[in-house]
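# Survey of secondary and tertiary structure
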Amino acid sequence: MDTQALTPFAVFAGLAGGIGLFLIGMHMLTEGLKLAAGRALEGLLERGTATPLRGLGAGMTMTALVQSSTAVTVASIGFVNTGLLSLQNAMWVIFGSNVGTTLNAWLVAALGFSFKIDTFALPFVGVGALLMLAGRTVRQRALGQALAGFGVLFLGIDVLKDTFSGFGATMNLQDHIAPGFTGWLVLVGIGTLLTVLMQASGAVIAVIITAAQGGLMSIEAACAMVIGTNIGTTSTAILSAIGATSNARRLAAAHVMFNLLTGTVAILMLPLLIALLGVLREWLEQPATPAVTIAMFHTAFNLLGVLLMIPLARMMLRFLAGRFRSREEEIARPRHLDATSLAVPDLALRALRMELGRTQSFAVTALTAVSRVPPDEPWIERQASTLDALAPAISNYVRKLSASTLPPALVEALAHSLRALQYQESAVIAVRQACALATVLGHPPGTELEAAAKAFHQATANLAANADGGRDDFSAAAVEVRLQEAETRYQAFKEALLLEGAHARIDIRSMQDWLRLASLERRAVEQVAKAARMLAVLDGDLTPQQAIEAETPGAETVNAH
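Keep in mind the model is a prediction, meaning the values are calculated, not measured.

Procedures and definitions
Residues numbered from 1 in each chain as written. Predicted model: local features only at pLDDT ≥ 70, side-chain atom pairs only at ≥ 80, totals over all residues. Heavy atoms only, no water. Helix = DSSP H or I, 4+ residues; strand = E, 2+ residues; numbered from the N terminus. Buried < 20%, exposed > 50% of the residue type's maximum accessible area, 1.4 Å probe, protein only. Areas by Shrake-Rupley, 256 points an atom, 1.4 Å probe, with all protein chains shown as cover. pLDDT = per-residue confidence, 0-100. Contact = heavy atoms within 4.5 Å. Patch = residues over 30% accessible without salt bridge, like charges linked within 9 Å, V, L, I, M, F, W, Y side chains within 5 Å. Salt bridge = Lys/Arg side-chain N within 4 Å of Asp/Glu carboxyl O. Axes fitted to C-alpha atoms, helices over the stretch in contact; angles between N-to-C directions. Left-handed = near helix turned anticlockwise from the far one by under 90°. Nonpolar A, V, L, I, M, F, W, Y, C, P; charged D, E, K, R; others polar. Expected span 1.5 Å × (residues − 1). Arc of directions from axis to C-beta.

Moving on to the overall build of the protein chain. Counting its regular elements, the protein chain contains 23 helices and zero strands. Burial statistics for the protein chain: of 561 residues in total, 49% are counted as buried. Of the roughly 25700 Å² of accessible surface on the protein chain, a fraction of 63% belongs to carbon and sulfur atoms.

For the peptide bond that leads from valine 373 to proline 374, omega is -5°, which places it in the cis range. Along the chain, the position of proline 374 falls in the loop between helix H17 (345–370) and helix H18 (377–402). One non-glycine residue with positive phi stands out, namely alanine 504, at about 60°. By the secondary structure assignment, alanine 504 is in the loop between helix H21 (476–502) and helix H22 (508–539). The exposure class assigned to alanine 504 is exposed, which follows from its relative accessible area of 66%.

The predicted model of the protein chain averages 80 in pLDDT, with 84% of residues at 70 or higher. Note on residues 1–5: pLDDT is under 50 here. Beyond four places in sequence and across chains, it has eight contacts. Below a pLDDT of 50 lies the segment residues 553–561, which in the model reaches 14 contacts outside its immediate sequence neighbourhood of four places, other chains included.

It is worth spelling out the side chain of glutamate 500 at this point. Structurally, glutamate 500 is set in helix H21. Owing to a relative accessible area of 9%, glutamate 500 belongs among the buried residues under this scheme. With residues up to four places along the chain from it excluded, the contact list for glutamate 500 reads Glu448, Leu449, Arg505 and Ile506.

Taken together, the side chains of Phe181, Leu185 and Leu268 define a hydrophobic patch exposed on the protein surface, amounting to about 300 Å² of accessible area. Residue placement: leucine 185 occurs in helix H9 (residues 180–198). Assessed through its relative accessible area of 43%, leucine 185 is described here as partly exposed.

In this section: the side chain of histidine 298. Relative to the assigned elements, histidine 298 resides in helix H15 (residues 290–321). Setting aside residues no more than four positions away along its own chain, histidine 298 makes contact with Thr101, Thr102, Ala105, Ile205, Val226 and Asn230.

Looking now at the environment of alanine 413. Its location among the elements puts alanine 413 in helix H19 (residues 408–441). Here the alpha-carbon distance between alanine 413 and leucine 538, two residues 125 residues apart in the chain, equals 6.4 Å. Excluding residues that lie within four positions of it along the chain, alanine 413 makes contacts with Leu349 and Leu538.

Contact geometry of helix H14 (residues 270–283) with H15 gives a least axis separation of 10 Å together with a crossing angle of 115°. In this structure, H14 meets H15 at a crossing whose hand is right-handed. Note on element contacts: H15 touches H14 through Val292, Thr293, Met296, Phe297, Ala300 and Phe301, opposite Leu270, Leu273, Leu277, Leu280 and Arg281. Classifying every residue of the contact of H14 with H15 by side-chain character gives nine nonpolar, one polar and one charged.

Bringing H14 into the picture now. In a regular helix each residue adds 1.5 Å, so 14 residues correspond to 20 Å; H14 covers 20 Å between its end C-alpha atoms and thus fits that length. Those residues of H14 lying buried are Leu270, Leu273, Ile274, Leu277, Gly278 and Arg281. For H14, the arc enclosing every buried residue in end-on projection is 145°, short of the 170-degree limit, so these residues lie on one face. For H14, the exposed residues set more than 90 degrees away from the buried face come down to Val279, Glu282 and Trp283. Against the buried residues of H14 lie H9, helix H11 (219–232), helix H13 (246–268) and H15.

Our focus in this paragraph is the packing of helix H10 (residues 201–213) against H15. Orientation of H10 relative to H15, taken along the N-to-C sense of each, is 140°, at an axis distance of 8 Å. Handedness of the crossing formed by H10 with H15: right-handed. Taking contact as the criterion, the partners of Ile205, Ile209, Ala212 and Gln213 in H10 are, on H15, Pro290, Ala291, Ile294 and His298. Among the residues making up the contact of H10 with H15, the classes are represented as six nonpolar, two polar and no charged.

Pasting the structure below:
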């Protein structure tokens, strides 16, 4: 390029046009590869992340294939959001994605300055355009889009290379930046800002590499800006996590923490890393060009970040587990089980009784919801999930308390506590099964059946209201009265179903389904009542013998499916 003719407009036009071509090419390449791969990448993300190591490999592979760490990050957040991917394994996918994205720098370094770019790129554009227009299948057209994008991407690099080679001959950006560590921090900030604005770290890295290759900045300055591009990529994760679940927000925070930690270590070790990479480059007999050094640096400091995460990942996971708690998670945390109370067994038992009162409230709320027609399935699942989350914490608390030397009365009380929790969990299982079946069956056929079902549901709701162990007016005697009422209504509903079936007013299969639904609801009622008896024993309202005698003999068993 004729440096004398290099006007400010020519520099602006070359820079804007080169970046534009690169962005268009990168978009075409990424979208084309994603379309060509179909659901294979989603399948890899879903099935290939069973362990942290496999998650790391999946993140590297997918990012290298689609040339977009943003796509992999957003997909990972989406999978965590829907519960298909655990937070721990998703973190390693993100770490791997950071390593996989360094392939972009190698493409620019290896191909952007080793060939006559237009001769290399134009055939890709031609073949890709032909496939896009003449391809018979979506996959063929997508592959054509990817090939054309690959060619356009390198045409953008060619424009940037010509612009910077002319501009670098007359100006050195380093002359306008403070020397030393302060200057590096400024360049990190510039790299971060450019990546946030362009939403494409690959394009910023291409600009950095071509600028350094053209003599516009030193290798140290270029590497500092590359660190900034890594930090800038976190903006996409932050935006994707807005309004997402707690785990999705934790994953976005893990991405930010990883990139900030990696960037901090890299900037502190910048001269040392560049010197070591120089030795490694000579050993590997790589050309001593700024482009290769920058690509090596980009890969090296991301790999360094992964190595740092090996001892730190568990600590980071524990830290994040206490952050971004949703209202549901706050509810699912034990409120009364304080470790300090374990030193005083009587106090610990009181705390345990209060926590079991909470779990009883979740069980009876779920029971009330299943008595409605149609049952409130989301509300039931919320109550059941909360109880499921609390149960291990309560069991663990009991285990710690039982490890102490306790008097026989307290040992017996712990046994009653565990039985209460077991009954509550059994009740919730029955409620979930009843809810699933009731959602399918809908309203009972016929007015007589509907009236009998309504009476049974009302008796269930009445028992649930009286069996709430967290209420101040909780009474074992009231629970027994409501349990007998529910049993009477159940038998009446069952008799009505059998009568309708005997007169062929309802088909046998439907009758069996309704009998099973009634039996599931009855089992949930019995389990809630049994849990209430155990709580009454803990309160001293019933003796253990009275609780055993109150158990209904010969209760029906339900085959759970």
